[in-house]
Amino acid sequence: MRLSFPFRRCHADRHGVALVKPRKIYIFPTRYGFLYGLLVILVLLISVNYANNPAFLLAFLLAGLGIVAMLHTWRNLLNLKLQPGRAAAVFAGQPAAFEIRVHNSREAERPNIRLRLPAGEEAETDLPADRMQSLMLHARETSRGRMALPRLRLSTRYPLGLFRAWCYVELEVHALVYPAPGRSMSLASAADDSGRTDMGSTSQHFRGADEFIGLRRYRAGDA
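What comes next concerns the included structure. The shown structure was predicted, so the numbers you read here are calculated from the model rather than taken from an experiment.

In spatial order, the strands read 2-4-6-9; together these four strands make up an open sheet with antiparallel pairing. Edge strands, defined here as strands with exactly one partner in the open sheet, are strand 2 (18–19) and strand 9 (131–140). When strand 2 meets strand 4 (residues 81–87), the two strands line up antiparallel, connected through two bridges. Its bridge partner being in strand 4, Ala-18 is matched across the sheet by Leu-82.

Shown next as structure tokens:
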């Protein structure tokens, strides 16, 4: 039995725009964040043991800095708008390029904005204030037909890298995947096969209009 967890996702509206809302954002400490927390606890224990007021001040200062960093990491994704762009048609086996437009409506820059696909393709940018930027993501598909854009993961580690905030975004965009073209023989191999008989010997005669020289092997494209 397979368990599925109900992820909170940002879905696109009727205009195709997905808005990152407050309750859709996840946040968790990074490994540097855990080390930072251990450092704060260690400083606090030392200050309690020795009753040192400057050590208390340092512990509370570091704890407050961590809380402020967590708030700014969460706010860096808040109210971002994502909408799909163009998706060019490709052949089967080739990576499909999806254009994702990210709009920052805030009057402040949003650094370290990352978009990632489940297969590992990632794009990163620093969004200027009140601007829109386009990011390109590539997804590989072997089956032909209409290929839907996989679920995106929007994340950031701004400003100090102590916390990682992310959310899942689903956009309605498809790319056409045509059948892969067949392999065509090169002129050198075709000329080599044209003078080769079924017994593997090469004829030394030139091919005439009505003369029968021999049989050749089947080539792709023959009736």
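Still to come is the rest of the account.
For the rest of this paragraph, the subject is the state of the cysteines. Counted according to the given criterion, the structure contains zero disulfides. Looking at the unpaired Cys-10, the closest cysteine sulfur is the one in Cys-167, lying at 4.4 Å. Residue class for Cys-10 comes out buried when judged on its relative accessible area of 2%. Under the relative-accessibility criterion, Cys-167 is labelled buried at 0%.

A few words on the pattern of salt bridges. Scanning all chains against the criterion turns up five salt bridges. Linking Glu-99 and Arg-86 is a salt bridge whose minimum nitrogen-to-oxygen distance equals 3.9 Å. Of this pair, Glu-99 sits in strand 6 (residues 95–104) while Arg-86 sits in strand 4; the two residues are 13 residues apart in sequence, bridging distant segments of the chain. Residue classification places Glu-99 among the buried residues on the basis of a relative accessible area of 13%. Residue Arg-116 is joined to Glu-122 by a salt bridge in which the shortest nitrogen-to-oxygen separation is 3.7 Å. With relative accessibility at 29%, the residue Arg-116 sits in the partly exposed group.

Side chains of Tyr-32, Leu-35, Leu-38, Ile-41 and Leu-45 sit close together on the surface and give an oily, nonpolar patch of about 550 Å² of accessible area. For Tyr-32, the location among the structural elements is in helix 1 (residues 31–50).

A few words on the environment of Phe-34. Structurally, the position occupied by Phe-34 is in helix 1. Classification of Phe-34 as partly exposed rests on a relative accessible area of 46%. Considered as a pair, Phe-34 and Phe-163 are 129 residues apart in the sequence and their alpha carbons are 9.1 Å apart. Beyond its immediate stretch of four places on either side in the chain, Phe-34 contacts Phe-28 and Pro-29.

Attention shifts here to the pairing of strand 13 (residues 174–178). Here strand 13 shows a buried face lined by Ala-175 and Val-177 and an unburied face lined by His-174, Leu-176 and Tyr-178. One ladder, built from four bridges, connects strand 10 (residues 145–148) with strand 13; its direction is antiparallel. Across the sheet, residue Met-147 finds its bridge partner in strand 13, namely Ala-175.

Our focus in this paragraph is helix 1. Taking 1.5 Å as the rise per residue, helix 1 with 20 residues should run 28 Å; its terminal C-alpha atoms sit 29 Å apart, in good agreement. On its buried face, helix 1 is in contact with strand 3 (26–29) and helix 2 (53–75). Where helix 1 terminates, the next one or two residues include Ala-51, which has phi positive at roughly 50 degrees.

The final tally for this structure, using the stated rule, is five aromatic pairs. Summarising the aromatic geometry, the rings of Tyr-26 and Trp-166 are spaced 5.5 Å apart at their centres and angled 15 degrees between planes, so their arrangement reads as stacked. Pair noted here: Tyr-26 is in strand 3 and Trp-166 is in strand 12 (residues 163–170), with a separation of 140 residues, a long-range link. In this pair, the class of Tyr-26 matches that of Trp-166, namely buried. Here Phe-28 and Phe-34 contribute two aromatic rings whose centre-to-centre distance is 5.8 Å and whose plane-to-plane angle is 65 degrees, an arrangement assigned as edge-to-face. Owing to a relative accessible area of 46%, Phe-28 belongs among the partly exposed residues under this scheme. A network of ring pairs unites the aromatic residues Tyr-26, Trp-166 and Tyr-168 as a single cluster. The ring of Tyr-168 is capped by Arg-151, whose NZ or CZ atom sits 4.6 Å from the centre of that ring.

Conventions and cut-offs
- Residues numbered from 1 in each chain as written.
- Predicted model: local features only at pLDDT ≥ 70, side-chain atom pairs only at ≥ 80, totals over all residues.
- Heavy atoms only, no water.
- Pairing = 2+ DSSP bridges.
- Helix = DSSP H or I, 4+ residues; strand = E, 2+ residues; numbered from the N terminus.
- Disulfide = S-S within 2.5 Å.
- Buried < 20%, exposed > 50% of the residue type's maximum accessible area, 1.4 Å probe, protein only.
- Salt bridge = Lys/Arg side-chain N within 4 Å of Asp/Glu carboxyl O.
- Patch = residues over 30% accessible without salt bridge, like charges linked within 9 Å, V, L, I, M, F, W, Y side chains within 5 Å.
- Areas by Shrake-Rupley, 256 points an atom, 1.4 Å probe, with all protein chains shown as cover.
- Contact = heavy atoms within 4.5 Å.
- Expected span 1.5 Å × (residues − 1).
- Phe/Tyr/Trp six-rings, centres within 6.5 Å; stacked < 30°, edge-to-face > 60°.
- Lys NZ or Arg CZ within 6 Å of the ring centre and 35° of its normal.

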